[in-house]
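# An overview of the molecular structure
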Amino acid sequence: MRPLLFLLFFFLSVLQVAAQPPGGQGRDSSRFKGSMKDSSFMKNMAPVGKVIGILRDSSNKEAMEFASVVLMKVRDSSVAGGALTDERGHFRIEEVMPGRYFIRITSIGYRQLDSKPFMLNPQDPLKDFGNVWMPPSQRILKEAEVVGEKVEYVNSLDKKVYNVDKTLINAGGSVSEVLQNIPSVNVDIDGKVSLRGSEQVTILIDGKPSGLTGDNRGAILQQLPASSIDQIEVVTNPSSKYDAEGMSGIINIKTKKDKNPGLNGTVSVGAGTNDKYNAALNLNRRTKTHNSFLNYSFRDDRRDFESRSDRTNSYNDTTTFFQSEGNGHNDNVSHNIRGGIDFYLNDYNTLGFSGGYNMRDEKRRDLSLTRLLDEERTSISGFDRLSKTIEDNSSGDGSIDYRRTFPNSKRELTANVNLNVFDRNAENTLSTFIPAPGFDLNQRINTESVSYNGTGQVDYILPYESFRIESGLKTSYRTNDSRQTSDRFDFDSNVWNQDTSFTDRFIFSEWVYAAYLQWSGRWKVFELSAGLRAEQTFIEGDSKSADTIFTRDFLNLFPSAAIKYSFKEGRDVQLSYSRRINRPREQQLNPFRNVSDSLNIFIGNPAILPELTHSLEFGYIGRYGEQNISANVFYRYTDDNSQRFRTVDTVTNVSTQSFINYNATENLGFELIFRNSFLKLFTTSASFTVFYNTVDGTNVEDDLVSDVWSGDFRGSISVKLSKQLSAQFTGNYMAPREQPQGTFKGMSGVDFGFKYDFKGGKWSLNGSLTDIFDTRNMVIDNRADGVRLEFTRKRESRVASFTLSYRFGKAEQGKDRRKGNRQNNDQMAAE
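In this text the structure is predicted, and so the values were computed from the model without any measurement. (Residues numbered from 1 in each chain as written. Predicted model: local features only at pLDDT ≥ 70, side-chain atom pairs only at ≥ 80, totals over all residues. Heavy atoms only, no water.)

## Thoughts on the overall build of the protein chain
Basically, it comes down to this: Starting at the N terminus, helices and strands are each numbered in turn, a helix being any DSSP run of H or I of at least four residues and a strand any DSSP run of E of at least two. Burial classes follow relative accessibility: with a 1.4 Å probe on protein chains only, a residue under 20% of its type's maximum area counts as buried, one over 50% as exposed, and anything between as partly exposed. Only heavy atoms matter for contacts: two residues are in contact if any of them lie within 4.5 Å across the pair. Accessible surface is estimated by sampling points in the Shrake-Rupley manner with a 1.4 Å probe; for residues, cover comes only from the protein chains shown.
Counting its secondary structure elements, the protein chain contains six helices and 47 strands. Expressed as a percentage of the 831 residues in the protein chain, the buried residues total 52%. Long-range pairs, those at least 24 residues apart, make up 66% of the contacts in the protein chain between residues at least 6 apart in sequence. Of the roughly 37,600 Å² of accessible surface on the protein chain, a fraction of 55% belongs to carbon and sulfur atoms.

## Observations regarding the sheet that holds strand β36 (residues 655-661)
This is how the line gets drawn: One bridge is not enough; two strands pair if DSSP finds at least two bridges between them.
Strand order in this open sheet of four strands is β31-β32-β36-β35, and the pairing throughout is mixed. Taken across any chain shown, the strands that pair with only one partner, and hence form the sheet edges, are β31 (593-594) and β35 (642-648). Examined bridge by bridge, β31 and strand β32 (residues 600-603) share two bridges and lie antiparallel to one another. Its bridge partner lying in β32, asparagine 594 is registered against phenylalanine 602.

## Topic: the sheet that holds strand β4 (residues 90-96)
What counts, and what does not: For helices, the fitted line uses only the C-alpha atoms of the stretch in contact; every axis is such a line through C-alpha atoms, and the angle between N-to-C directions lies from 0 to 180 degrees.
If you trace the three strands from one edge of the open sheet to the other, you get β4-β1-β8, paired in mixed fashion. Only two strands of the sheet have a single neighbouring strand rather than two, namely β4 and β8 (126-134). On average, each strand axis in the sheet is inclined to that of its neighbour by 15 degrees, with strand direction left out of account. Here strand β1 (residues 49-57) runs beside β4; their pairing, made up of five bridges, is antiparallel. Pairing of valine 51 across the sheet is with isoleucine 93, part of β4.

## A short note on unusual backbone geometry
Here aspartate 206, not a glycine, exhibits a phi torsion of approximately 55 degrees, which is positive. With respect to the helices, strands and loops of the structure, aspartate 206 is situated in the loop between β13 (202-205) and β14 (208-209). On the basis of relative accessible area, aspartate 206 is assigned to the partly exposed category, the value being 22%. For aspartate 774, which is not glycine, the phi torsion reads 55 degrees and is therefore positive. Note on aspartate 774: relative accessible area 33%, which makes it partly exposed.

## Here's the deal with the pattern of salt bridges
The cut-off we apply is this: Definition used for salt bridges: Asp or Glu carboxyl oxygen within 4 Å of a side-chain nitrogen of Lys or Arg.
Going through the model one piece at a time under the given rule, you end up with 45 salt bridges. In this structure, the salt-bridge partner of arginine 196 is glutamate 671, at a minimum N-O distance of 2.9 Å. Within this pair, whereas arginine 196 is found in the loop between β12 (193-195) and β13, its partner glutamate 671 is found in strand β37 (residues 664-678), the two being separated by 475 residues in sequence. Here the two residues arginine 196 and glutamate 671 agree in accessibility, since each one is buried.

## Notes on the side chain of serine 576
With respect to the helices, strands and loops of the structure, serine 576 is situated in strand β30 (residues 571-582). If we ignore the near neighbours within four places in the chain, the residues touching serine 576 are Asn237, Ala561, Ala562, Ser615, Leu616 and Glu617.

## Some remarks on the pairing of strand β21 (residues 349-373)
Two strands pair when backbone bridges link them, and strand β20 (residues 318-344) and β21 are joined in this way by 24 bridges, in the antiparallel orientation. Its bridge partner being in β21, glutamate 325 is matched across the sheet by leucine 369. From the end of β20 to the start of β21, which pair antiparallel, there are four residues. Relative to strand β22 (residues 379-405), β21 runs antiparallel, the two sharing 25 bridges. Along β22, the bridge assignment pairs glycine 356 with aspartate 397.

## What to know about empty space enclosed by the protein
For clarity, the cut-off: Lining residues are defined by having an atom within 4 Å of a point belonging to a cavity or pocket. Those points lie on a 1 Å grid over the protein atoms alone, cavities being sets where a 1.4 Å probe fits but cannot get out and pockets being open sets with protein on both sides within 12 Å along at least five of seven lines. Grid points are joined across faces, edges and corners, and a volume is the space filled by probe spheres set on the points. In this classification, the charged set is Asp, Glu, Lys and Arg, the nonpolar set is Ala, Val, Leu, Ile, Met, Phe, Trp, Tyr, Cys and Pro, and all remaining amino acids, among them Gly, are polar.
As enumerated under the stated definition, the model contains twelve cavities of 30 Å³ or more in all. The computed volume of the second largest cavity comes to approximately 300 Å³. In terms of lining, the second largest cavity is formed by 22 residues, of which the most central are Glu177, Gln180, Arg303, Arg795 and Ser797. Of all the elements in the fold, those that place two or more residues in the lining of the second largest cavity are α3 (175-179), β19 (290-315) and β43 (747-757). Looking at which element gives the most residues to the lining of the second largest cavity, the answer is β19, with three residues. Tallied by class, residues from the lining of the second largest cavity come to four nonpolar, nine polar and nine charged.

## What about the packing of aromatic side chains?
One pair of aromatic rings is described through two measures. These are the centre distance and the angle between the planes. Note the threshold: Working definition: a ring pair exists when centres of Phe, Tyr or Trp rings (six-membered ring for Trp) sit within 6.5 Å. Plane angles under 30 degrees give stacked, over 60 give edge-to-face, the rest tilted.
Within this structure, the stated rule accounts for 19 aromatic pairs. Both rings, one in phenylalanine 754 and one in phenylalanine 802, keep their centres 6.4 Å apart while their planes meet at 65 degrees; by these two values the pair is edge-to-face. With phenylalanine 754 in strand β43 and phenylalanine 802 in strand β47 (residues 799-808), this residue pair connects regions lying 48 residues apart in the sequence. The exposure class of phenylalanine 802 is partly exposed, given its relative accessible area of 46%. Among the aromatic residues, ring-to-ring pairing joins Tyr477, Trp511, Tyr513 and Phe538 into one connected group.

## Quick word on the nonpolar core
Definition in use: In plain words, nonpolar cores are sets of buried Ala, Val, Leu, Ile, Met, Phe, Trp, Tyr and Cys residues tied together by side-chain atoms within 4.5 Å.
Residues Leu179, Val185, Val193, Leu221, Ile232, Ile251 and Ile253 are the most contacted members of the largest nonpolar core, which totals 24 residues. Those elements that provide at least two residues to this core are α3, β11 (185-187), β12, β13, α4 (216-221), β15 (229-235) and β16 (250-255). Setting aside anything within four residues of it in sequence, one finds isoleucine 253 in contact with Val175, Ile203, Leu204, Ile205, Asp206, Leu221, Ile229, Gln231 and Ile232. Residues Leu55, Ala83, Ile93 and Phe118 belong to the second largest nonpolar core, which totals 19 residues.

## Observations concerning the pairing of strand β39 (residues 705-720)
Bridging between strand β38 (residues 682-696) and β39 involves 15 bridges; their strand directions are antiparallel. Each residue of the ladder has a partner; that of tyrosine 692, found in β39, is tryptophan 709. When β39 meets strand β40 (residues 725-734), the two strands line up antiparallel, connected through nine bridges. Residue serine 716 lies in a different strand from β40, and its bridge partner there is threonine 730. If you look at the hairpin formed by β39 and β40, you'll find four residues sitting between the two strands.

## Considerations on the side chain of asparagine 667
Assignment of secondary structure puts asparagine 667 in strand β37. Excluding residues that lie within four positions of it along the chain, asparagine 667 makes contacts with Phe634, Tyr635, Arg636, Phe691, Tyr692 and Asn693.

## A closer look at a nonpolar patch on the surface
What counts here: Residues with no salt bridge and a relative accessible area higher than 30% make up the patches, which join like charges within 9 Å and nonpolar side chains (Val, Leu, Ile, Met, Phe, Trp, Tyr) within 5 Å.
On the surface, a nonpolar cluster with roughly 570 Å² of combined accessible area is contributed by Ile563, Leu575, Leu616, Phe618, Val633, Leu668 and Phe670. Secondary structure elements with two or more residues in the nonpolar patch: β33 (611-624) and β37. Structurally, the position occupied by phenylalanine 670 is in strand β37. Taking the relative accessible area as the measure of exposure, phenylalanine 670 reaches 38% and is therefore partly exposed.

## A closer look at the confidence of the model for the protein chain
What counts is decided by this rule: For every residue, the predictor reports its confidence as pLDDT, a number between 0 and 100.
For the protein chain, mean pLDDT is 82; residues scoring 70 or higher make up 86% of the total. Confidence, expressed as mean pLDDT per element, reaches its minimum in the protein chain at helix α2 (residues 39-43) with 38 and its maximum at strand β28 (residues 526-543) with 95. The low-confidence segment residues 138-149, where pLDDT is below 50, has 30 contacts with residues more than four positions distant or belonging to other chains. Here residues 811-831 scores under 50 on pLDDT; set against residues more than four positions off or in separate chains, the count is 38 contacts.

## What about the environment of glutamine 498?
Summarising the element assignment, glutamine 498 is placed in strand β26 (residues 495-498). Along the primary structure glutamine 498 and threonine 485 are separated by 13 residues, whereas in three dimensions their C-alpha atoms are 7.7 Å apart. Residue contacts for glutamine 498: discarding those within four places in its chain leaves Ser486, Asp487 and Thr503.

## Looking at the environment of aspartate 347
Here aspartate 347 lies in the loop between β20 and β21. Note: C-alpha distance between aspartate 347 and phenylalanine 406 (59 residues apart in sequence) is 8.9 Å.

Right, here's the structure in full:
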């Protein structure tokens, strides 16, 4: 109860302050129309100039964020100040000396916009532009229709936003394949996601917890369709207003919600080599009173795979070898539906409901041949194993969102309640044949798990003249009840008998209570922010098989700070700091001894500690005409780093793997992202990430240390072959990564995609060929005392696919956009 009382007291205090805002502060710029003046108000203002306004896209009337607004002197066009628009399109430039100025607005994918000159002086210190309409970049079609092109990504120091539709390879693919083309993000062949070399990354869907945690995350991402995704947001050093979970940052997957008025939609069907099929329907209806959307997708995906492992045991001057080869296939069929509606109750209140349901059926067949060899590579013994798995998965989520703004103020109150449910049922049948002495062993393992994830959150924004304060409360609950039962087949009596050595039930629960306070402000050309987040965590684990109950609770503080300096038009630098956490998961904590593989045993560690990370980042972003460059240097220091640790019994040759905390890890890296357009035909982009990683495990073994350089490269080139045909090549390379007990050997691949828009613009055809040279395979080399294990796994990755799409909805876009652009130019010229 004590954390609850603390959070309640904090929240009531915030509301009390919010209910009595200081007089004359927090005024909404919508009060001012054009160059409206109030002489009595002006006399009481300090003799300091201020420029404000709201930037909107002229084609769809939506607010524009991350646009650059630069204040320039009329006399010599020198820069006198500047700002980036926030998520609501607002910009504010303060503490301006008296003089004649104009503003220049730039944003990738839009035409540069200059205002007419205006004067600021002590008698008239405020310039309010009201709504400023920004025209998109234009290309004239035969029908003289003007169309705004969406750029591939929007780069800022706070976060990077990638538009999924601009990567042609994504058509007909999955979210996992989308993430594979995002700079700094890597996805291995099993769907595991890492950001800047770390798998400790939080994944959200539409800014909310997604249930994408643990072992199920990769499988779910491989089945979610790319066609339902609008944008991917990457936040590498989040502030205190974000959850502290996720050491390397946050990836937010934003689903499609059409912003055009009326009913709009897309229908698509696709097929790929080796029995792969997909279909999708996206609908959106927007009116003055509400906005609703519905997305449905179907995927039938078959993937072949093969594997090989070579294990060498060297003890007491004796060497033996284990060799294993396997092959098989996965058949996945999934249905995914998501919908929602936002009600605009009035000018100040919005209420939204959204939810989704996913059903995934998987059938897996895996045949492996294992042999024990002596020093002369002569077979001593071995076994053959056929594994058949039938798995049914379903998940659902629901969310209620409320947003309240206030008249004549930029105050904002938001609240959200979210619930996720994940249900998994799997039956795995193992048929083992041992040639010598020659008998069969059949085993059946049934796994059932039900997970619940719930959150409740309230956030409040309180603006002042030169800064604002954000505060919030959040509580989250996560539980997982996992059961495993095992039976062995008795060939003599022809019945299945329960095997208690493989029976397990583990119940995991986690509560997190959080509160944060964030301050942000602007001083001349500097933007400053500082915040503090407190999170109280309660964990309970109940292992029925091990007859063990354990509890953990810890309180952590997570400060953050950032300073940004704008020294030239479109060029900024920022230094930021945050503290992050990675809490132990169910698999790491469960003390059940898993012996499903008799040669490789796994057991969890209930004593594992959470990892705490200090993250420091220095970044630069610059725009040079059609070129955009982002460079970042980052450093992470992690206490109690959690790693897998393997020991081997020299008598039985059985290895046991568990999790253990090392002293610390350090990660120092450099990231460069570059984009360039030239000749109106080509667009190139490239990203490089190089990092140096050290691991200190001397608390476990004296020589358990590693330090290694590694990195990633990703590049693409897009070509506009004609008004209707575009093509794109992408490639990526993951450099080798070394751990204290092993090395990942690296991976690379090249993809190709094209898009053809049929005349009229409603029909389009996408085609792609992924992993052209069939090089994406995973090779891991593990080492422990007396043991070396090299494991190779190859999942089908060279796939050709075609997707046919049809778009429908309001067609009178060209006329409205031309009219909006003319009105925009007239408005700015009249200023």
